[in-house]
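# Topology and contacts: notes
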Amino acid sequence: MKFQSTRNKNLRLDSAETIIKGLSDDGGLFVPVEIPVLENGEISELSKLGYCERAKRIFAKFMTDFSEEELLGCAEKAYTENFEDEVPAPIVKLGEDIYMLELWHGPTCAFKDMALQILPHFLVKSAKKAGDGKKTVILTATSGDTGKAALEGFCDVEGTEIIVFYPKDGVSKIQKLQMQTQKGKNVRVCGVAGNFDDTQTAVKMIFTDENIRAVLAENGKSFSSANSINVGRLLPQVVYYISAYADLVADGEIEDGDVVNVAVPTGNFGNILAAYYAKKMGVPFGRLICASNANNVLTDFLSTGEYNANRDFYLTESPSMDILVSSNLERLIFELSGKDDEYVGKAMKDLREHGKYSVSEDIITKIKEVFAAGFTDDEGAENRIKMLFDEYSYLCDTHTAVAVEVYEKYKAETGDCRKTIIASTASPYKFPRAVLKSISGEIEPDDFEAAKKIEVLSGLPMPKQLSELSEKEPRFKENCKREEMAEFVLSTVGGDR
Ligand SMILES: *Cc1c(COP(=O)(O)O)cnc(C)c1O
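The present account deals with the structure reproduced in this document. Nothing here was measured: the structure is a model prediction, and the numbers come from that model. (Residues numbered from 1 in each chain as written. Predicted model: local features only at pLDDT ≥ 70, side-chain atom pairs only at ≥ 80, totals over all residues. Heavy atoms only, no water.)

## Quick word on the overall build of the protein chain
The criterion, for reference: Elements are defined by DSSP. Helices are runs of H or I of four residues or more, strands are runs of E of two residues or more, and each kind is numbered from the N terminus. Accessibility throughout is a Shrake-Rupley quantity obtained with a 1.4 Å probe, and a residue counts as covered only by protein chains that appear here. Charge assignment in this entry is limited to Lys and Arg as positive and Asp and Glu as negative, and neither His nor the chain termini are counted. To locate a charge, the coordinates of NZ of Lys, CZ of Arg, CG of Asp or CD of Glu are taken.
Scanning the protein chain from terminus to terminus reveals 22 helices and 16 strands. Along the longest, intermediate and shortest principal axes, the C-alpha atoms of the protein chain span 60 × 55 × 45 Å. Accessible surface for the protein chain amounts to roughly 18,500 Å². Of this, 47% is attributable to carbon and sulfur atoms. Considering the protein chain, the positive charge centre built from 59 side chains and the negative charge centre built from 80 side chains are found 3 Å apart.

In structure tokens:
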């Protein structure tokens, strides 16, 4: 299996090489040349296996330059000790039709752990296979959750350094504390004056800047990315969708072959793209429901085919979805355009130069066959948190609530009441003020006080890795302007840290 760039389909690399590089030199994203298909009866076989064995089998279809032992070893290191339970991604059933796929039982309490706990292991192995002996500098922009999950995953991993930039006023207090208190010799964290899109755009520019890359090379280093543009992040996300379907079969909730919908709270389009890949592999997924908050650029795109990022940007209670430029959409457009790299290159140029692009009627039609899209504001999400709490004593976070709310609207509008997997992306304790306000109406300005009150109301304990933050001293308090990010990178990559 090879991977090609969405902007140059003749470039063909092994998975190890794409994982090391992160982003293609032409600015494109790597995609599998062919999406592999599950064999007949394979889902039923998978349903009898544990998570790591399932992961191994699925990875093996994409990462043919790794041995099965290596893949299983990576999965076991990632998903055994660092997750609360034996099952890394448990499913909770609500009512008749909703299955909450809880992806946040890892060390940083958000779904990003599912990929970022394994990516460092992939990267270390990839460097041995295909590396040039250079040290890897992981450069990451975060809307809140990726940053901490990447820091945790790469902390003190040999042969790596990691630099995380976050929008200084665009993440929750707990998210910021999680990053500022990160331990490890090889980590650096910096706030940026600007929103996530500014931060992500600047990071992408640093990535492809010849001068900066030359300085890195002089120091025996090269860049890679822990953002969802890295194939090594996408594949572990494909695994949990296939695994969730296999779990529903194993638990007798569905028969193998039954069609199930999937609803995903979406920002950078990475998580829902993984569901799309799972569907392409042959998992009987029906509609993929793309849920947005007030930053609803994807809702408009998926319904009209026009992507227009020239619009107001809102800071919401679901900050990890406060994104107007969804990078992974490029992969979907590549696929739906019949792998037309020129077409993709042109659309992305329009996006860079004019903040917008449109896709053809043909692509819109194909999108509508698979996707449904909707959005809700903070109030809609908060009401949904309360409804789930009152009806099922179930507590969900603000991002997941967006997905449930959009799903319920979809169901009411279409009458499609098929069983639906909701990607539950964060622990409610990552956003305690908003969650408390939703369930009790109380406004408590302090996150940790709010969390204590939720514990009393719900009986659900706050995860220790979040509660202990209240006693930790921030280690990284630096902030910089967008124009200063390159300098910050250069100041950290010189010499040996
Ligand atoms: C990152 C994140 C999202 C958005 O996921 P994408 O892959 O960027 O679409 C949703 N919810 C939470 C809690 C997140 O951390």
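Let us keep going from here.
## A look at the environment of Val 239
Heads up, the condition is: Contact between two residues is taken to exist if any of their heavy atoms lie within 4.5 Å; hydrogens are not considered.
Mapped onto the secondary structure, Val 239 falls in helix α11 (residues 231-250). Put simply, Val 239 and Lys 56 are 183 residues apart on the chain and 9.1 Å apart in space, counted from C-alpha to C-alpha. When near neighbours in sequence (up to four residues on either side) are disregarded, Val 239 contacts Tyr 51, Ala 55, Ile 58 and Phe 59.

## Structural notes on the side chain of Glu 444
Note the following rule: Think of a polar contact as two N or O atoms within 3.5 Å of one another; within protein, one of them needs to be a possible hydrogen donor and the other a possible acceptor, and neighboring residues in sequence only count if both atoms come from side chains.
Mapped onto the elements, Glu 444 comes out in the loop between α19 (432-440) and α20 (447-458). Of the polar contacts made by the side chain of Glu 444, one reaches the backbone nitrogen of Asp 446; its length is 2.9 Å. Of note is the side chain of Glu 444, whose polar atom sits 3.0 Å from the side chain of Lys 453. Leave out the neighbours within four places in its chain, and Glu 444 touches Arg 433, Leu 436, Glu 449, Ala 450 and Lys 453.

## Remarks on the sheet that holds strand β11 (residues 285-292)
Formally: When DSSP locates at least two bridges between a pair of strands, those strands are taken to pair. Lines fitted to C-alpha atoms define the axes here, with helix axes fitted over just the stretch in contact, and angles between the N-to-C directions of these axes take values from 0 to 180 degrees.
Spatially, β4-β5-β15-β10-β11-β14 is the arrangement adopted by the 6 strands of the open sheet, whose pairing is mixed. Because the sheet does not close on itself, it has two edges, and the strands there are β4 (91-94) and β14 (371-375). Recorded for the sheet is a direction-independent mean angle of 25° between the axes of neighbouring strands. The sheet contacts of helix α13 (residues 297-304) involve β11 and β14, and relative to β14 the element is tilted by about 145°.

## Description of the site of the ligand
Which entries qualify depends on this criterion: Only a single heavy atom is needed: when it lies within 4 Å of a molecule or strand, its residue is near that molecule or strand. Under the scheme applied, nonpolar residues are Ala, Val, Leu, Ile, Met, Phe, Trp, Tyr, Cys and Pro; charged residues are Asp, Glu, Lys and Arg; polar residues are all the others, including Gly.
Every one of the 15 residues lining the ligand counts as a neighbour, but Lys 112, Asp 145, Gly 267, Asn 268 and Asn 271 are closest to it. Gly 267 places a main-chain nitrogen or oxygen 2.7 Å from an oxygen atom of the ligand. Thr 425 places a side-chain nitrogen or oxygen 2.9 Å from a nitrogen atom of the ligand. Protein coverage of the free-state accessible area of the ligand, which is 380 Å², stands at 98%. Of the residues contributing to the shell around the ligand, the split by class is 5 nonpolar, 8 polar and 2 charged.

## Observations regarding the packing of aromatic side chains
Condition: To pair, rings of Phe, Tyr and Trp, with the six-membered ring standing in for Trp, must have centres within 6.5 Å; the planes then decide the type, stacked if under 30 degrees apart, edge-to-face if over 60, and tilted in the middle. When accessible area is computed with a 1.4 Å probe and restricted to protein chains, residues below 20% of their type maximum are described as buried, those above 50% as exposed, and intermediate ones as partly exposed.
Per the stated rule, a full pass over the model turns up 15 aromatic pairs. Residues Phe 59 and Phe 122 carry aromatic rings whose centres are separated by 5.1 Å and whose planes lie at 85° to one another, so their mutual orientation is edge-to-face. Taken as a pair, Phe 59 in helix α3 (residues 51-62) and Phe 122 in helix α6 (residues 119-130) lie far apart in primary sequence, 63 residues in all. In this pair, the class of Phe 59 matches that of Phe 122, namely buried. Seen in terms of ring centroids, Tyr 276 and Phe 371 are 5.9 Å apart; in terms of plane orientation they differ by 25°. Their pairing is stacked. Of this pair, Tyr 276 sits in helix α12 (residues 270-280) while Phe 371 sits in strand β14, and the two are 95 residues apart along the sequence. Accessibility classification places Tyr 276 together with Phe 371 in one group, the buried group.

## Thoughts on the packing of helix α7 (residues 145-154) against helix α8 (residues 173-180)
Describing two packed helices takes the angle between their axes plus the distance from one axis to the other. Rules: Angle categories: roughly parallel below 35 degrees, roughly antiparallel above 145, roughly perpendicular from 65 to 115, and oblique for all the rest. Two helices crossing with the near one rotated counterclockwise from the far one by less than a right angle form a left-handed crossing, whereas a clockwise rotation gives a right-handed crossing.
The contact between α7 and α8 brings their axes to 9 Å, and the two run at 25°. By the angle between their axes, α7 is roughly parallel relative to α8. α7 and α8 meet at a crossing whose hand is left-handed. Counted together, Asp 145, Gly 147, Lys 148 and Leu 151 of α7 and Gln 175, Gln 178 and Met 179 of α8 form the full contact between these two elements.

## Focus: the pattern of salt bridges
Keep this limit in mind: Salt bridges are defined by distance alone: a side-chain nitrogen of Lys or Arg within 4 Å of a carboxyl oxygen of Asp or Glu.
Here the structure, examined in full by the defined rule, presents 39 salt bridges. The salt bridge partner of Lys 430 is Asp 145, with a shortest N-O separation of 2.7 Å. One end of the pair, Lys 430, is in the loop between β15 (420-424) and α19; the other, Asp 145, is in helix α7, and 285 residues separate them in sequence. When sorted by exposure, Lys 430 lands in the same class as Asp 145, which is buried. Arg 384 serves as the salt-bridge partner of Glu 405, at 2.8 Å between the closest nitrogen and oxygen. Separated by 21 residues along the polypeptide, Glu 405 in helix α18 (residues 398-414) and Arg 384 in helix α17 (residues 378-392) bring together distant segments of the chain. We classify Glu 405 as buried; its relative accessible area is 13%. One network of salt bridges, in which partners are shared, links Glu 42, Glu 45, Arg 57 and Lys 61.

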